[in-house]
Amino acid sequence: MLAAGEPPAGGIHGLPEGAFSQLRLIVDNLPILIAQCDAHGRYLFVNRAYASRFGLAPEDVVGLTIEKVIGRAAYDAVRPYIDRVLAGERVTFEIDVPYEDLGSRTMRCEYVPSDAGPGRGIESFVASILDVTDQRRAENALRERESHFRAAFELSAVGQAFIGSDRRFLLVNDRYCEMTGYSRSELMQLRPDDFTHADDLARDLQHADALGRGDVKGVTVEKRYVRKGGDVIWVRIHATLFRDRTGAPIGAFSMIEDISREKMASQEREVLFAREHAARLDAEEANRTKDEFLATLSHELRTPLNAILGWTQMLQRKAVAADRVDAALEALDRNARKQAQLVDDLLELSRIAAGRLKLNLERVRLAMVLDAAIDTIQPAIDAKRIAFTLDAAAAPVSIEADPIKLQQVCWNLLSNAVKFTPEGGEIHVSVRLTAEQVYIMVRDTGIGIDPVFVPRLFSRFEQADRSTTRAFEGLGLGLAIVRHLVELHGGTVKAESAGKGLGATFTVALPTLRRGARTGPDDPA
C-alpha cells in the first residue's frame with residue numbers, strides 16, 4: 001500500500017514522477033472531496049479537502065476503513081452505492097448523509113470503479129464528492145419563498161398582475177380575473193389599455209409611460225375598467241417599477257383594488273351634501289321669506305285697518321259731512337272686504353298646507369264659473385278703464401270640478417291681471433278645448449314678469465317686488481292658491497311672459513269630463 005503522497009513506481013499510468021506531484025497539488029486544492037478506496041473499503045488515497053472534512057490529515061486517513069472515518073450511520077447510508085460500484089457499475093447519486101460530528105449533509109457523489117484486469121474483478125474505486133448542502137438549502141428556501149409568494153399572489157383579496165415593458169400581462173391572479181371578467185388565457189392576449197375606460201385612457205397612458213421610462217418608482221391611479229360583458233367598475237391601482245440587473249426598466253407589478261362601492265358611497269355623499277346644502281339654502285330662504293312675509297302681512301293688514309279706524313272715528317265724532325257719509329261707508333265696506341280677503345287667503349293656504357282642503361266635485365258648466373268670476377271683478381275693470389274681451393266659444397263644455405274653488409281660481413287670475421295692468425290696458429280671456437283638456441287663458445298687457453322669477457311665481461309668499469313700499473298690494477298668496485286648487489282638480493297652471501313691461505299670459509289646463517261619466521243631481525242638463 002502506498003503512503004499518502006507517495007507516487008507509485010514509474011508514476012501513474014506512465015506519468016513521470018514530477019507530473020504526479022503536480023497533479024497531487026492540484027487535487028489537494030480542489031473543493032471537491034476525492035478519495036480512492038480498495039475493494040475492502042480501505043482508503044488508498046484522499047485529498048486534503050476530504051481529510052479536513054473529518055478533522056484529519058491525508059496520511060491519517062490512508063489505511064483506515066470508510067466506516068471508521070465517516071461513522072456507522074453515514075456508512076450505512078452510502079453502503080448500497082459502494083456495493084454497486086464494487087460490482088462494476090459507475091454510480092452517480094445525491095444523498096443526505098447523517099455524519100456523527102457534522103450532522104446531516106447533502107452530498108452529490110460519483111463512484112467510478114477501477115478494474116484490476118481480466119478475471120480479477122474490481123480492484124478499487126474513486127469517489128468524488130461535493131457538499132451541496134448550502135446550495136440545496138438555498139434552493140429549498142427559494143422554492144419555499146416562491147411557494148409562499150404564489151400562495152399569497154393567488155389567494156390575495158386584491159387583484160395582482162405582472163406587466164411587461166410591452167404592456168402585456170405576464171402573470172395575473174384569480175382575483176384580477178374576477179374583477180375584469182376575463183380568463184387568464186384571455187388576459188395573456190390583452191393589455192390593460194384594452195379594457196380601460198376610454199375617458200381614462202389618455203391619463204392612464206401618461207402614468208404608464210412615466211413608469212416605463214423609470215421617471216418614477218411607482219404610481220397610484222384611480223380609473224375605470226370596462227369588464228367583459230360591458231359593466232363598468234372603478235379600480236385603484238398601485239404599480240411598482242421592476243428593473244433588471246443593469247437597472248433598465250423591465251416591467252411593473254400592480255396591485256388592483258375594486259373601489260366601485262367606495263366611489264358609489266362618495267358620490268352618494270356628494271349628492272347628500274348637495275341636497276343638504278340646498279336644503280340649508282332653502283331653509284335660509286324660507287326664513288327670510290317668512291320674515292318678509294310677516295312684514296308684508298302687517299303692512300297689508302294695517303292699511304285697510306287704518307282706513308276703517310280713521311273713518312269710524314270720524315263718524316263717531318260727527319266729523320263727516322252729511323254729503324260724505326255714503327263715501328265713508330263705502331270706504332269702510334271696501335277696506336273691510338279687503339281685510340277679509342286677506343284673512344280668507346291665509347286660512348285657505350293654511351288648509352292647503354295642512355291637507356285639510358277638500359273638493360266638492362260635481363258636474364259644472366265652465367261658462368257659468370267664468371261669468372261669476374267676471375261679474376265679481378268687473379267693477380275693478382271698469383274703474384281702470386281696461387279693455388276686456390272674452391273668447392268663450394268653447395266655454396259651454398262641462399267639467400267635473402268644485403264650482404266655488406274653480407271660481408276662486410278664475411277670480412284670482414283675473415284679479416291678478418287687473419292689479420298689474422295699467423289704466424287703459426287690455427285683458428283677454430279665452431277658452432280652448434281639446435279631446436283631453438280644456439284650457440283657460442288670461443292674457444294682459446301689464447307690467448310683465450322677469451323670466452328669472454317665473455319658476456318661483458306660484459310659490460307661497462313669492463312676489464317679484466317684496467318691499468312693503470311697492471306699488472301693488474297683496475301677500476303673494478293668490479297664485480300659490482291657484483296652483484294648489486288647479487292641481488287638486490288634476491290640472492296644471494303655467495305663466496309666460498316675454499319680460500318686464502311686455503304683459504303676461506296665465507294658462508290653466510283642466511281635464512275634460514270623461515265620456516260616460518255619471519250625471520249628478522246638479523247636472524244643469
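Along each chain, the written sequence defines residue order, and numbers are assigned to residues from 1. In keeping with the predicted nature of the model, local features appear solely for residues at pLDDT of at least 70, side-chain atom pairs appear and are counted solely at 80 or more, and the whole-chain, interface and lining totals rest on all residues. No hydrogens and no water enter the side-chain calculation; it runs on all heavy atoms of the structure.

1. Re the overall build of the protein chain
Logical step 1: What the protein chain contains, in helices and strands, is 14 helices and 17 strands.
Logical step 2: Looking at the protein chain as a whole, 37% of its 525 residues qualify as buried.
Logical step 3: In this analysis, two residues are considered to be in contact whenever any of their non-hydrogen atoms come within 4.5 Å of each other. Expressed as a percentage of contacts within the protein chain between residues at least 6 apart in sequence, the contacts between residues at least 24 apart total 54%.
Logical step 4: With the model as given, the accessible surface of the protein chain reaches about 30,100 Å², and the carbon-plus-sulfur share is 53%. Only DSSP runs of H or I reaching four residues or more are called helices, and only runs of E reaching two or more are called strands; each is numbered from the N terminus. Each residue gets one of three labels from its accessible area relative to the maximum for its type: buried under 20%, exposed over 50%, partly exposed in between, using a 1.4 Å probe on protein chains only. To be clear on the numbers: accessible area is Shrake-Rupley with a 1.4 Å probe, and residue cover counts the displayed protein chains and nothing else.

2. Here we look at the sheet that holds strand β7 (residues 169–172)
Note: strands within a sheet are paired through backbone hydrogen bonds, in either parallel or antiparallel orientation.
Logical step 1: Sheet architecture is open: five strands sit in the order β7-β6-β10-β9-β8, paired in antiparallel fashion. On the outer flanks of this sheet lie β7 and β8 (218–226), each paired with one strand and no other. Sheet twist, expressed as the mean angle between neighbouring strand axes with direction ignored, is 25 degrees.
Logical step 2: Here three bridges tie strand β6 (residues 159–164) to β7, and the two strands are oriented antiparallel to one another. Bridging from a neighbouring strand, Ala161 pairs with Val172 of β7.
Logical step 3: Axis definition: a line fit to C-alpha positions, over the contact stretch in the case of helices; interaxial angles, taken between N-to-C directions, run 0 to 180 degrees. Packed on one face of the sheet, helix α9 (residues 198–212) meets β8, β9 (232–243) and β10 (249–258) and runs near 150 degrees to β8. Two strands are counted as paired when DSSP detects at least two bridges linking them.

3. Concerning helix α13 (residues 403–420)
Logical step 1: When the terminal C-alpha atoms of α13 are compared, their 26 Å separation across 18 residues agrees well with the 26 Å that a helix rising 1.5 Å per residue should span.
Logical step 2: What α13 keeps buried is the set Lys405, Leu406, Gln408, Val409, Cys410, Asn412, Leu413, Leu414, Ser415, Asn416, Ala417 and Val418.
Logical step 3: Its side-chain oxygen placed 3.1 Å from the backbone nitrogen of Ile404, Asp402 serves as the N-cap of α13. What a helix should span is 1.5 Å times the count of its residues minus one. Any pair of N or O atoms that falls within 3.5 Å is considered a polar contact. Within protein, one atom must be able to donate a hydrogen and the other to accept it, and sequence-neighbouring residues count only if both atoms are side-chain atoms.

4. Topic: the pairing of strand β1 (residues 33–38)
Logical step 1: Burial of β1 is extensive: five of the six residues sit out of reach of the surface.
Logical step 2: Where β1 meets strand β5 (residues 122–131), six bridges bridge the pair, whose relative direction is antiparallel. What sits directly across from Asp38, in β5, is Ser124.
Logical step 3: Alignment of β1 against strand β2 (residues 43–46), held across three bridges, turns out to be antiparallel. Residue pairing in the sheet places Gln36 in a bridge with Phe45 of β2.
Logical step 4: Here β1 hands over to β2 after four residues, with Gly41 in that stretch at a positive phi of 80 degrees.

5. Considerations on a nonpolar patch on the surface
Logical step 1: Only residues above 30% relative accessible area that lack a salt bridge enter a patch, with like-charged residues linked at up to 9 Å and the nonpolar side chains Val, Leu, Ile, Met, Phe, Trp and Tyr linked at up to 5 Å. Salt bridges are identified by distance alone: a Lys or Arg side-chain nitrogen within 4 Å of an Asp or Glu carboxyl oxygen. On the surface, a nonpolar cluster with roughly 220 Å² of combined accessible area is contributed by Ile26, Leu30 and Ile32.
Logical step 2: Its relative accessible area of 31% is what places Leu30 among the partly exposed residues.

6. Quick word on the side chain of Thr507
Logical step 1: Tracing the sequence through the fold places Thr507 in strand β17 (residues 504–511).
Logical step 2: Residue contacts for Thr507: discarding those within four places in its chain leaves Tyr439, Ile440, Met441, Thr492, Val493, Lys494 and Glu496.

7. A word on the sheet that holds strand β14 (residues 426–433)
Logical step 1: The mixed open sheet is built from five strands, whose spatial order is β12-β14-β15-β17-β16. For this open sheet the edge positions go to β12 (387–391) and β16 (492–496), each flanked by a neighbour on one side alone. Ignoring which end each strand starts from, the neighbouring axes of this sheet average 10 degrees apart.
Logical step 2: In terms of strand pairing, β12 meets β14 through five bridges, oriented parallel. Bridging across to β14, Thr389 finds its partner in His428.

8. Considering the packing of helix α12 (residues 366–383) against α13
Logical step 1: Here α12 crosses α13 at 35 degrees, and the two axes come no closer than 9 Å. Of the two elements, α12 crosses α13, and the hand of that crossing is right-handed. Contacts between α12 and α13 involve Leu366, Val369, Leu370, Ala372, Ala373, Ile374, Thr376, Ile377, Ala380 and Ile381 on the former and, on the latter, Pro403, Leu406, Gln407, Cys410, Trp411, Leu414, Ser415 and Val418. Should the near helix be turned anticlockwise from the far one by less than a right angle, the crossing is left-handed, and should it be turned clockwise, the crossing is right-handed.

9. Observations concerning the confidence of the model for the protein chain
Logical step 1: Per-residue pLDDT for the protein chain averages 81, and the proportion of residues at 70 or more is 82%.
Logical step 2: Within the model, pLDDT remains below 50 along residues 1–14, and this stretch shows 18 contacts once partners closer than five positions in the same chain are excluded.
Logical step 3: Residue-level confidence of the predictor is summarised by pLDDT, bounded by 0 at the bottom and 100 at the top. Ignoring residues within four places in sequence, the model shows residues 515–525, a span with pLDDT below 50, making six contacts including any to other chains.

10. Focus on the packing of α13 against helix α14 (residues 478–488)
Logical step 1: The interhelical angle for the contact between α13 and α14, taken along N-to-C directions, is 145 degrees, at an axis separation of 9 Å. The handedness of the crossing between α13 and α14 comes out as left-handed. Residues Lys405, Gln408, Val409, Asn412, Leu413 and Asn416 of α13 touch α14, and the partners they reach there are Gly478, Leu479, Ile481, Val482, Leu485 and Val486.
Logical step 2: For the contact of α13 with α14, the residue count by class is seven nonpolar, four polar and one charged. When residues are sorted by character, Ala, Val, Leu, Ile, Met, Phe, Trp, Tyr, Cys and Pro go into the nonpolar class, Asp, Glu, Lys and Arg into the charged class, and all the rest, Gly among them, into the polar class.

11. Section: the packing of aromatic side chains
Logical step 1: Stacked, tilted and edge-to-face are the three classes assigned to paired rings of Phe, Tyr and Trp, where Trp is represented by its six-membered ring and a pair needs centres within 6.5 Å; plane angles under 30 degrees give stacked, over 60 edge-to-face, the rest tilted. Tallied over the entire structure, the rule returns 14 aromatic pairs.
Logical step 2: Both rings, one in Phe169 and one in Phe195, keep their centres 6.3 Å apart while their planes meet at 5 degrees; by these two values the pair is stacked. With Phe169 in strand β7 and Phe195 in the loop between α8 (184–187) and α9, this pair connects stretches of sequence that are 26 residues apart. Like Phe195, Phe169 is buried.
Logical step 3: With centroids separated by 5.6 Å and ring planes inclined at 35 degrees, the aromatic side chains of Tyr182 and Phe195 adopt a geometry described as tilted. With Tyr182 in the loop between α7 (174–180) and α8 and Phe195 in the loop between α8 and α9, this residue pair connects regions lying 13 residues apart in the sequence.
Logical step 4: Judged by relative accessible area, which is 18%, Tyr182 ranks as buried.
Logical step 5: Joined through ring pairs, the aromatic side chains of Phe169, Tyr176, Tyr182, Phe195 and Tyr225 make up one cluster.
Logical step 6: Here, over-ring charges are defined by two tests on the NZ atom of lysine or the CZ atom of arginine: distance to the ring centre within 6 Å, and angle to the ring normal within 35 degrees. A cation sits over an aromatic face here: Lys263 above Trp234, 4.5 Å from the ring centre.

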